[in-house]
Amino acid sequence: PDLARDAALVARFRREARAASAVGHPNIIDVSDIGSTPDGSVYIAMEHLEGIDLAALLAKERIVESVRAVNIALQVCRALEAAHRAGVIHRDLKPENIFLTRRDGLDDFVKVVDFGIAQAAGDDSRRLTNPGIALGTPEYMAPEQAAGKPADARSDVYSLGAILYEMITGRAPHEGQSAFEVL
């Protein structure tokens, strides 16, 4: 209830639902509804997924076999292509936001989730984010995004490259003792 009173947080929550549902791609989480309850709580109704996120897989296996890693990355590429074509930039692509499930007899079917800081390309989202403030996860952030500059489709591609690097090598491309050091 306290969070539902935060207008910026509610706007970001609603934007996540609209961004994910606007794309309509098999490798992006399906959102079927967004709304508010009579008491003012907001919700997103989305498909139920069974499986694990890529972060859990990396924690368990550390290094992903190259053919498997490329298969995962290609599916994320397809999801990003559809999102970018629809004018949506994810801005926080990381292993936690890549969910692996089983679909149509295929293991490692990718669902990109959590469009919480996504923005429409060209959208001035300063109402929800502070200009000049880096948003995202430092290990996977494109340099321009880390500098607080606007993110675009290339920022998502950079993030995917960092994720692929981690899948193949077992470590993030940039490491440090703090988020600031990583940035």
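Above: the structure in question.
Note that the coordinates shown come from a computational prediction; the quantities given were computed from them, not determined experimentally.

Caption draft 1: Representation of the pairing of strand β6 (residues 106–112) in the model. Counting buried residues along β6, five of its seven residues qualify, which places the element largely inside the surrounding structure. For strand β5 (residues 98–103) and β6, the ladder comprises five bridges, and the chain directions are antiparallel. Its bridge partner lying in β6, I98 is registered against V112. With antiparallel pairing between neighbouring strands as the criterion, β5 and β6 make up a hairpin whose turn holds two residues, including D104 at a positive phi of roughly 50°.

Caption draft 2: Representation of the pairing of β5 in the model. Direction of pairing for strand β3 (residues 51–53) relative to β5: antiparallel, over a ladder of three bridges. Residue pairing for β5: D53 is matched across the bridge by F99.

Caption draft 3: View of the environment of T137. Locating T137 in the fold gives a position in the loop between β7 (119–120) and α4 (143–146). Here T137 falls in the buried class, since its relative accessible area comes to 17%. Counting along the chain gives 46 residues from T137 to R91, while the straight-line C-alpha distance between them is 9.0 Å. Ignoring any residue separated from it by four or fewer positions in sequence, one finds T137 in contact with D92 and K94.

Caption draft 4: Structural view of helix α2 (residues 54–61). Those residues of α2 lying buried are L54, A55, L57 and L58. Down the axis of α2, the buried set is contained in an arc of 160°. They therefore lie on one face. Exposed residues pointing more than 90 degrees away from the buried face of α2 are listed as A59 and K60. On its buried face, α2 is in contact with β3, α3 (66–85), β5 and α5 (153–169).

Caption draft 5: How the structure looks around α5. In this model α5 runs 25 Å from its N-terminal to its C-terminal C-alpha over 17 residues, within 8% of the 24 Å that 1.5 Å per residue would give. Residues of α5 that are buried: S155, D156, S159, L160, A162, I163, E166 and M167. The buried side chains of α5 occupy one side of the element, clustering within an arc of 155° when seen end-on. More than 90 degrees from the buried face of α5, the exposed residues found are R154 and V157. Tucked inside the fold, the buried residues of α5 contact α2, α3, β4 (88–89), β5 and α4. Phi for G170, located one or two positions after α5, is positive at around 90°.

Scoring rules and cut-offs
- Residues numbered from 1 in each chain as written.
- Predicted model: local features only at pLDDT ≥ 70, side-chain atom pairs only at ≥ 80, totals over all residues.
- Heavy atoms only, no water.
- Buried < 20%, exposed > 50% of the residue type's maximum accessible area, 1.4 Å probe, protein only.
- Helix = DSSP H or I, 4+ residues; strand = E, 2+ residues; numbered from the N terminus.
- Pairing = 2+ DSSP bridges.
- Contact = heavy atoms within 4.5 Å.
- Arc of directions from axis to C-beta.
- Expected span 1.5 Å × (residues − 1).

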